[in-house]
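A structural walkthrough
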Amino acid sequence: MMPSYDTLWVNARLATMTPGGAPYGAIEDGALAARDGAIAWLGPRAELPQAEQTLAARIVDAGGRWITPGLIDPHTHVVFGGDRIADFTRRVAGESYVDAAQGGSGIAFTVAQTRAADEATLFAAAAARVRTMIASGTTTLEVKSGYGLDVETELRLLRVGRRLGDVLGITVRTTYLGAHTIPAEYADRRSAYVDLVCTTMIPRVARERLADAVDVFCETIAFTPAESARILAAARVNELAVKVHADQIADSGGAALAAAHAALSADHLEHTGPGGVAALATAGTVAVLLPGAYHYLRETVAPPLDLLRAQRVPFALATDCNPGTSPVCTLPTALNLACVYWGVTPEEALTGVTRNAARALGLGDRGELRVGARCDLALWDVAQPAELCYWLGAHRCAGVVVAGRELDPYRSAG
Ligand SMILES: [Zn+2]
């Protein structure tokens, strides 16, 4: 008889992340089978329908390890030129992020470095970071542009994002963030830059299918709510999903703006008030929280977790991997920081990098271990799922599986 499945993992403990049952949707002594890249069966090993050897072409003994859905990082700026180590050194000596942004370093410094870098250089630097991410369990990643701020460099960043997925073998969702900051050459012509974003860059990005979504940095030091609204409207006209960097530095109405444009996510939210949270709840917009930036900037105002819970707004966590404010590559680091700083529970945290992170990217085929979902897995040397949040800087990931196949991030082409 032909085996029913391509691969069968046995002797596994499954954190399915399916809600409504055991914590983490856990199945002890479980088994999971893949066929054609999707999960075809999962449950207690004792309930497998027939002898294991007859079921699958290949059987993998997971050695009692925990298996979670492959982790999903829904907010990164992982493609950039140069580094910000000089900024870091000044900041640890006491300079603030706002001072840095206004003093000509900050994002503007990275923009200059990025414009000067060719595509191969940008790709090599980003690929090294993404390999680190994969080795710590990430199998789906969002990548933003936003360090080019001119047509050619923004397109180059998005092409690098697409290529990271193709070469490294994971899913990359790209987001156009031309509205990251006003570039220096437009300092006295803000509306001309917003015009460029809305009438040139967004249509071009849409036409060349280089981005899955459009993001805007709606903030006191970046774009006003009115400017942001124009940009989000242009994105919707071009049939791109939208998301917003909202309320990181002040409650500037970013969350409400995201909700009004039916955004997939509103990100940061440290200063979002009750009205903004209520708007997210009504719109079904996911809150994406970024503990790496909170940590690096030594912030003291935490995102409104009690309001998010009370209003049942799903929240995700991300690395926000970027050179200036969150040089964080691995999601287990974000899990730990969110738990320690904000009192996120380990189960909420893990939900935030699986089920809720999938929703933040508009991906309905992953984020849970269930029949029919994509077979993206992460295997862990931990005694229980909460241990994924416990260590800081430990490496507990024993491997990842993408669409049913083991992926070695350091051996893939490129
Ligand atoms: Zn960001």
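First, a word on scope: everything that follows refers to the structure included in this document. What you see is a predicted model, and the numbers here were worked out from it, not measured in a lab.

Let's shift gears to the coordination of the zinc ion. Note on the zinc ion: its protein donors are H75 (NE2), H77 (NE2), H245 (NE2) and D320 (OD). The metal-donor distances range over 2.0 to 2.7 Å. Every donor counted, the 4 donor atoms about the zinc ion form angles of 80 to 166 degrees at the centre, which fits irregular coordination. Here the donor residues for the zinc ion map to a single chain with the spacing H-x1-H-x167-H-x74-D. Taken together, the residues span a long stretch of sequence, with H77 in the loop between β6 (71-73) and α2 (85-92) and D320 in the loop between β13 (315-317) and α13 (331-342) at a distance of 243 residues.

Let's shift gears to the side chain of T114. By secondary structure assignment, the location of T114 is in helix α4 (residues 106-115). Once residues lying within four places of it in the same chain are set aside, the contact partners of T114 are F80, G81, L122, Y147, T153, R156 and L157.

For the rest of this paragraph, the subject is the side chain of E219. Residue position: E219 is located in the loop between β9 (213-218) and α8 (225-237). Here E219 sits buried without a salt bridge, and the closest side chain of opposite charge, R190, lies 12 Å off (N-O distance). For E219, the side chain forms a polar contact with the main-chain nitrogen of A250, separated by 3.2 Å. If sequence neighbours within four positions are ignored, E219 has contacts with A246, D247, Q248, I249, A250 and S252.

What follows covers the pattern of salt bridges. For the structure on display, the rule yields 24 salt bridges. R58 is paired through a salt bridge with E406; the nearest N and O atoms lie 3.0 Å apart. Of this pair, R58 sits in strand β4 (residues 56-61) while E406 is found in strand β16 (residues 405-407), placing the two residues 348 residues apart along the sequence. Between K144 and E142 there is a salt bridge whose closest N-O contact spans 2.8 Å. Comparing K144 with E142 shows no difference in burial state: the two are buried. Salt bridges here are not isolated pairs; linked through shared partners, they connect E142, K144, D215 and K243.

Calculation criteria
Residues numbered from 1 in each chain as written. Predicted model: local features only at pLDDT ≥ 70, side-chain atom pairs only at ≥ 80, totals over all residues. Heavy atoms only, no water. Donors = N, O, S within 2.8 Å, 3.2 Å for Na, K, Ca; no water. Tetrahedral: all angles 85-135°; square planar, octahedral: opposite > 155°, others 65-115°. Helix = DSSP H or I, 4+ residues; strand = E, 2+ residues; numbered from the N terminus. Contact = heavy atoms within 4.5 Å. Buried < 20%, exposed > 50% of the residue type's maximum accessible area, 1.4 Å probe, protein only. Lys, Arg positive; Asp, Glu negative; His and termini not counted. Salt bridge = Lys/Arg side-chain N within 4 Å of Asp/Glu carboxyl O. Polar contact = N/O pair within 3.5 Å; in protein donor to acceptor, adjacent residues only side chain to side chain.

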